[in-house]
Amino acid sequence: MSPRARRVPAGRAGRLRLRRSLATAVRGADLLERKLRLLLDREHTARQAAEGAGRAWRQRLAEAESWLVRGVLLGGERALAEAAPAERARVDVEWGALMGVRHPAAVSWTGPVRSPWEQTPSNTALAHAETAYRAAARAAAELAAHQAAAELLAAEAVRTRQRVRALRRHWIPRLQDELAVAELALEEAEHEEAVRRRWAAGHRGP
C-alpha cells in the first residue's frame, strides 16, 4: 500500500476523499491541456509574426545599405555624418499575459527627430537610406519582441506538458488504483458485515 493510501481514512470517508482527489486531478489535467493548447497557439502566432518581421528587417536593411553606398559615393562620409540626427530612436515594449505567462505583446516605435539646426541629408540617396534604416530598426524591434514572446510561451508550454504528463501517466492512475482498492475493501467489509448479521439473526434465540 502506498504512503498516500495509508493516510486515507478507511471506509466510506476514505473512498469519498479518493473520489474527490481523483475528480480534482482529472479536472486539473483538463485545464492544463486547455492551457497548453492556448500557449501553443499563441506561440505559433508569435513565431509567424517573427518570421514576417525578420523578412521585413532583412529587406529594409538591404535597401538601406544599398542607398547608403550610393549616398556616400555621391556626398562622401562627411555628408553621412552631417545628415545623421543627434537624437536616438526609442522603442517601448508593451507586455501582455496569457494564462499567467508575461511576454512582449507589442512594441511602440518613436523615430529620432532632427532638430531645426541639424542638416538634412545632402542627397536623395542618403534620404532614402535614412527612411530604410528607420524601417529596418522598427522591424528589428518587432522581431525581437515576437521572438522573446515565442520563447517564453514555448518554455511555459514545456512545463505545462510535463505537468499534464505527470497527472495523466502517474497521479491519476495511482488514484484510480487506490480508489479501486478502497472500494474493494469497503465492499468486502460490507459483505462480511452482512454475513455476520445473517449469522447473528440465525442464531438468535426464540
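Structure first, text after, so check above.
Since the model is a prediction, treat every value here as computed from it, not as a measurement. (Residues numbered from 1 in each chain as written. Predicted model: local features only at pLDDT ≥ 70, side-chain atom pairs only at ≥ 80, totals over all residues. Heavy atoms only, no water.)

**Section: the side chain of Glu118**
(1) Moving on: Tracing the backbone shows Glu118 in the loop between strand E2 (101-110) and helix H3 (124-202).
(2) Moving on: An unpaired buried charge is present at Glu118: no salt bridge exists, and Arg114, the closest side chain of opposite charge, is 5.4 Å distant.
(3) Moving on: A distance of 2.8 Å separates a polar side-chain atom of Glu118 from the backbone nitrogen of Ser115.
(4) Moving on: Ignoring sequence-local partners within four residues, the contact set of Glu118 consists of Ala84, Pro85, Ala86 and Val113. (Helix = DSSP H or I, 4+ residues; strand = E, 2+ residues; numbered from the N terminus. Buried < 20%, exposed > 50% of the residue type's maximum accessible area, 1.4 Å probe, protein only. Lys, Arg positive; Asp, Glu negative; His and termini not counted. Salt bridge = Lys/Arg side-chain N within 4 Å of Asp/Glu carboxyl O. Polar contact = N/O pair within 3.5 Å; in protein donor to acceptor, adjacent residues only side chain to side chain. Contact = heavy atoms within 4.5 Å.)

**Comments concerning the environment of Arg90**
(1) Moving on: Relative to the helices and strands, Arg90 is located in strand E1 (residues 90-98).
(2) Moving on: For the pair formed by Arg90 and Gly111, sequence separation is 21 residues and the distance between their alpha carbons is 6.4 Å.
(3) Moving on: Ignoring anything within four residues of it in the chain, the contact list for Arg90 reads Ser108, Trp109 and Thr110.
(4) Moving on: Here the side chain of Arg90 touches Asp92 through a polar contact of 3.1 Å, side chain to side chain.

**Regarding the packing of aromatic side chains**
(1) Moving on: By the definition in use, this model includes zero aromatic pairs.
(2) Moving on: The ring centre of Trp67 lies 4.5 Å from the NZ or CZ of Arg70, which sits over that ring. (Phe/Tyr/Trp six-rings, centres within 6.5 Å; stacked < 30°, edge-to-face > 60°. Lys NZ or Arg CZ within 6 Å of the ring centre and 35° of its normal.)

**Considering a nonpolar patch on the surface**
(1) Moving on: Taken together, the side chains of Val91, Val93, Trp95 and Leu152 make up a nonpolar region of the molecular surface, amounting to roughly 340 Å² of accessible area.
(2) Moving on: Counting residues per element, the nonpolar patch draws most heavily on E1, at three residues.
(3) Moving on: Along the chain, Leu152 turns up in helix H3. (Patch = residues over 30% accessible without salt bridge, like charges linked within 9 Å, V, L, I, M, F, W, Y side chains within 5 Å. Areas by Shrake-Rupley, 256 points an atom, 1.4 Å probe, with all protein chains shown as cover.)

Honestly, it's all geometry; don't read function into it.
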